[in-house]
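Structural characterization, general
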Amino acid sequence: MTSFSAVLAFGVAACVAGVAAPASAQSSAALQLTTGKVVTDPAGAFISVSVKNGTTAPISETYVACEFFAGNRALGKSSTTLFSIVPGVTGTDQVRLLGGTSANRATCAITGHK
């Protein structure tokens, strides 16, 4: 039998290896990350992220990190924490990069949980 942490570790490694583009979904047996499209405004850039808890246990905190780009030029990294995602439920938030007004894409990954 595979432990929950082993399944999650595999899922996190798969998310990092299969970097998300806008409007994509990454899945593992444990958690599924979905990202929206990069949006800019006068303050910077942001991307909507959602994480579905496919486990049988509540996840108190899930960490999602994104790197923003203008073409191939990296603009910066930012992250968010999604709190209290119960089994079968999807938590949502936005990751914002202040000053990243030229961003046109981002890569995101689940970087951990507790």
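Residues numbered from 1 in each chain as written. Predicted model: local features only at pLDDT ≥ 70, side-chain atom pairs only at ≥ 80, totals over all residues. Heavy atoms only, no water.

1. A word on unusual backbone geometry
Its identity as a non-glycine residue notwithstanding, Ser-84 has a phi of 50 degrees, on the positive side. The class of Ser-84 is exposed, set by a relative accessible area of 57%. (Buried < 20%, exposed > 50% of the residue type's maximum accessible area, 1.4 Å probe, protein only.)

2. Here we look at the pattern of salt bridges
Side-chain pairing between opposite charges can occur once the charged atoms of the two side chains come close. Throughout the structure, instances matching the rule amount to two salt bridges. In this structure, the salt-bridge partner of Asp-41 is Arg-96, at a minimum N-O distance of 2.9 Å. Within this pair, whereas Asp-41 is found in strand 3 (residues 39–41), its partner Arg-96 is found in strand 7 (residues 90–98), the two being separated by 55 residues in sequence. Here Asp-41 falls in the partly exposed class, since its relative accessible area comes to 26%. Across the salt bridge formed by Lys-114 and Glu-61, the nearest N and O atoms sit 4.0 Å from each other. With Lys-114 in the segment after strand 8 (105–113) and Glu-61 in strand 5 (residues 59–70), the pair connects residues that are 53 residues apart, well separated along the chain. Given a relative accessible area of 54%, Lys-114 falls into the exposed group. (Salt bridge = Lys/Arg side-chain N within 4 Å of Asp/Glu carboxyl O. Helix = DSSP H or I, 4+ residues; strand = E, 2+ residues; numbered from the N terminus.)

3. Regarding the sheet that holds strand 6 (residues 73–85)
The sheet built from three strands is open, its strands ordered 6-5-8 with antiparallel pairing. One side of each edge strand has no neighbouring strand; the edge strands of this open sheet are strand 6 and strand 8. Within this sheet the neighbouring strands show an average axis-to-axis angle of 20 degrees, counted without direction. Examined bridge by bridge, strand 5 and strand 6 share eleven bridges and lie antiparallel to one another. (Pairing = 2+ DSSP bridges. Axes fitted to C-alpha atoms, helices over the stretch in contact; angles between N-to-C directions.)

4. Quick notes on the confidence of the model for the chain
For the chain, the mean per-residue pLDDT works out to 83, and 75% of the residues sit at or above 70. In the model, residues 1–24 has pLDDT below 50 throughout and makes 39 contacts with residues more than four positions away in sequence or in other chains. (pLDDT = per-residue confidence, 0-100. Contact = heavy atoms within 4.5 Å.)

5. What to know about the environment of Gly-71
Mapping Gly-71 onto the fold places it in the loop between strand 5 and strand 6. Taking the relative accessible area as the measure of exposure, Gly-71 reaches 31% and is therefore partly exposed. Remark: the alpha-carbon pair of Gly-71 and Ala-103, spanning 32 residues in sequence, is separated by 7.7 Å. The residues touching Gly-71, leaving out its near neighbours within four places in the chain, are Asn-104 and Arg-105.

6. Describing the packing of aromatic side chains
Tallying each qualifying case throughout the model produces zero aromatic pairs. Over the ring of Phe-69 we find Arg-105, and its NZ or CZ is 4.2 Å from the ring centre. (Phe/Tyr/Trp six-rings, centres within 6.5 Å; stacked < 30°, edge-to-face > 60°. Lys NZ or Arg CZ within 6 Å of the ring centre and 35° of its normal.)

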